[in-house]
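# Examination of the molecular architecture
So the chains spell out like this:
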Amino acid sequence: MKNRPESLERFIRMCSDGWLQGWHEYHGGNLTYRVDKEALKGLILKEDSEWVKLEKQLDNLSGDYFFVTGSGKTMRNAELYPEDALGIIEMDDCGGSYRIVWGLENGGKPTSEIPAHLLCQSVKKEATNGKYRLVYHAHPVNIISLSFVFAPDEVKFTRELWEMEPECAMTFPNGMGVLPWMVPGTEELAEKTGEKMKEYDVVLWAQHGLVVAGEDFDSTFGLMHTVEKGAEILVKTMSMTPGKQVIPTVQNFKDMAEAFHLELPEKFLYEK
Ligand code: 13P
Ligand code: ZN
């Protein structure tokens with residue numbers, strides 16, 4: 001299928017890449033991307049599907065289009081059966097409802113986490129002047145495992161991960177938000193995640209998974225990958241020794257912040 005828009009190709013590749021990382025058992029995880037209508041040329045868009053009302057009106061998403069993964073669909077099938085596993089939704093002109101205009105054939109529906117996706121999309125669109133386009137939720141093993149060991153404390157999680165490799169502080173210099181376990185797919189989870197996204201680009205849903213937001217496919221996937229890589233190093237380290245033997249100092253972080261022009265919030269740079 002050569003005629004697919006470039007952004008849809010990238011969306012499909014990201015689904016496949018996440019699958020290959022082992023982040024998407026069965027139908028775990030979901031992805032949305034805000035796409036410009038002009039980029040959809042070449043696709044035949046339906047105009048007769050029913051509008052689905054949202055619990056919360058999101059004014060700044062009025063008229064927007066999103067690529068979405070389907071609820072209960074597998075990331076693995078995005079490449080092979082995109083019209084079944086994925087869809088495109090259009091928001092109405094007040095941001096209060098959406099309808100499916102492409103894909104999700106055979107009665108499919110957007111991800112059950114659509115409330116969290118749309119709220120995070122709205123928060124990030126506002127905060128970045130439209131630069132951020134992606135929200136990605138995955139179930140990576142190591143970061144989930146850590147949420148059984150540490151309390152849902154964002155200062156603790158951020159600092160522990162930052163210590164694992166310099167890439168962590170460079171990739172999420174604002175730190176990481178953490179929420180305790182909540183029922184998946186709920187308005188409450190969406191609401192709390194949206195709040196956290198005002199401060200962070202990455203939010204941990206304890207004992208469930210991660211949600212990240214970003215500007216483009218590489219940076220968003222890269223953020224997910226970096227958090228999980230840091231978590232993997234931490235899990236391996238904790239398996240070898242009850243306490244780390246050597247750790248970067250607060251001064252190390254300050255030197256790195258200066259060299260790379262990072263503004264690392266003071267709350268994460270406490271003396272141990
Ligand atoms: P969906 O299949 O509805 O996207 O749900 C997967 C998931 O990870 C819920 O948190
Ligand atoms: Zn999930």
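Given the structure is predicted, the values throughout are model-derived calculations rather than measurements. Residue positions within a chain follow its written sequence, with the count starting from 1. Chains carry letters from A onward and ligands carry numbers from 1 onward, assigned in written order. With pLDDT at 70 or above as the cut-off, local features in this predicted model cover only qualifying residues; side-chain atom pairs require 80 or more to be listed or tallied, and sums for whole chains, interfaces and linings still use all residues. Note: side-chain values were computed over all heavy atoms of the structure, leaving out hydrogens and water.

### Focus: the overall build of the chain
For the record, the criterion: Strands here mean DSSP runs of E at least two residues long; helices mean DSSP runs of H or I at least four residues long; both are numbered from the N terminus. Throughout, the radius of gyration refers to the C-alpha atoms, and the reference size of a globule is 2.2 Å times the residue count to the power 0.38. Three labels apply to residues, based on accessible area from a 1.4 Å probe with only protein chains included: buried if under 20% of the type maximum, exposed if over 50%, partly exposed otherwise in between.
What the chain contains, in helices and strands, is nine helices and nine strands. A globule of 272 residues ought to have a C-alpha radius of gyration of about 19 Å, and the chain, at 19 Å, matches this closely. When the backbone C-alpha atoms are referred to their principal axes, the chain occupies close to 60 × 35 × 35 Å. Split into buried and exposed, the 272 residues of the chain put 53% on the buried side.

### Observations concerning the state of the cysteines
The line we're drawing: Cysteine sulfur atoms that come within 2.5 Å of each other are treated as a disulfide pair.
Going through the model one piece at a time under the given rule, you end up with zero disulfides. No disulfide involves Cys15; its sulfur sits 17 Å from the nearest other cysteine sulfur, which is in Cys120.

### Some remarks on the coordination of the zinc ion (ligand 2)
Which entries qualify depends on this criterion: Metal-coordinating donors are taken as N, O and S atoms lying within 2.8 Å of the metal, or within 3.2 Å when the metal is Na, K or Ca; because water is left out, some sites can appear incomplete.
Taken together, the protein ligands of the zinc ion (ligand 2) are His137 (NE2), His139 (NE2) and His208 (NE2), with distances of 2.1 Å. Residue class for His137 comes out buried when judged on its relative accessible area of 1%. Residue classification places His139 among the buried residues on the basis of a relative accessible area of 15%.

### Let's talk about the packing of helix α1 (residues 6-21) against helix α8 (residues 217-240)
The test is simple: Only C-alpha atoms enter the line fits that serve as axes; for helices the fit covers just the stretch in contact. Angles between N-to-C directions range over 0 to 180 degrees. Oblique is the label for every angle not falling under 35 degrees (roughly parallel), over 145 degrees (roughly antiparallel), or within 65 to 115 degrees (roughly perpendicular). In a left-handed crossing the near helix is turned counterclockwise from the far helix by less than a right angle, and in a right-handed crossing that turn is clockwise. Only heavy atoms matter for contacts: two residues are in contact if any of them lie within 4.5 Å across the pair. Only Asp, Glu, Lys and Arg are considered charged in this grouping, and only Ala, Val, Leu, Ile, Met, Phe, Trp, Tyr, Cys and Pro are considered nonpolar; every other residue, Gly among them, is considered polar.
Two elements in contact, α1 and α8, have axes separated by 11 Å at closest approach and are oriented at 15°. It follows that α1 is roughly parallel to α8 by the angle criterion. With respect to the hand of their crossing, α1 and α8 are arranged in right-handed fashion. Here Ser7, Arg10, Phe11, Arg13, Met14, Asp17, Gly18 and Gln21 of α1 lie close against α8, whose contacting residues are Phe217, Asp218, Thr220, Phe221 and His225. Classifying every residue of the contact of α1 with α8 by side-chain character gives four nonpolar, five polar and four charged.

### Some points on the nonpolar core
Quick reminder of the rule: Put simply, a nonpolar core is a bunch of buried Ala, Val, Leu, Ile, Met, Phe, Trp, Tyr and Cys residues held in one set by side-chain atoms that sit within 4.5 Å of each other.
Counting residues in each nonpolar core, the largest one holds 56 residues, and the members touching the most others are Tyr136, Ile143, Trp162, Met176 and Val227. With seven residues, α8 is the largest single contributor of residues to this core. Judged by nonpolar contacts, the second largest core, of 14 residues, contains Cys120, Val123, Val135 and Val203.

### Considerations on a nonpolar patch on the surface
Selection criterion: Within the patch definition used here, like charges are joined within 9 Å and nonpolar side chains (Val, Leu, Ile, Met, Phe, Trp, Tyr) within 5 Å, considering only residues with over 30% relative accessible area and no salt bridge. Surface accessibility follows the Shrake-Rupley procedure with a 1.4 Å probe radius. Residue values consider only the protein chains on display as shielding. Definition used for salt bridges: Asp or Glu carboxyl oxygen within 4 Å of a side-chain nitrogen of Lys or Arg.
Judged by side-chain polarity, Phe148, Val149 and Met238 come together as a nonpolar surface patch covering roughly 310 Å² of accessible area. A relative accessible area of 52% places Val149 in the exposed class.

### Considering the site of ligand 1
Going by this rule: Residue proximity to a molecule or strand is established when one non-hydrogen atom of the residue lies within 4 Å of it. Pairs of N or O atoms within 3.5 Å make up the polar contacts considered here, provided that, within protein, one atom can donate a hydrogen while the other can accept it, and that residues adjacent in sequence are counted only when both atoms are side-chain atoms.
Ligand 1 sits among His27, Gly28, Gly29, Asn30, Ser71, Gly72, Thr111, Ser112, Glu113, His137, His139 and His208. With respect to ligand 1, the side chain of His27 contributes an N or O atom lying 2.9 Å from an oxygen atom. Here an oxygen atom of ligand 1 sits 2.8 Å away from a polar atom, N or O, in the side chain of Asn30. When the free accessible area of ligand 1 is taken as 310 Å², the share hidden by the protein chains comes to 94%.

### A short note on unusual backbone geometry
Its identity as a non-glycine residue notwithstanding, Asn129 has a phi of 60°, on the positive side. When you line up the elements, Asn129 lands in the loop between α3 (114-127) and β6 (134-138). Relative accessible area serves as the criterion here: at 76%, Asn129 is assigned to the exposed category. We note that His261 has phi near 55°; this positive angle belongs to a residue other than glycine. You can see His261 is positioned in the segment after α9 (250-260).

### Re helix α5 (residues 154-162)
In terms of burial, α5 is a largely internal element, seven of the nine residues being buried. Of the residues making up α5, those classed as buried are Glu154, Phe157, Thr158, Arg159, Glu160, Leu161 and Trp162. One side-chain oxygen of the residue at the start of α5 lies 2.9 Å from the amide nitrogen of Val155, identifying that residue as Asp153.

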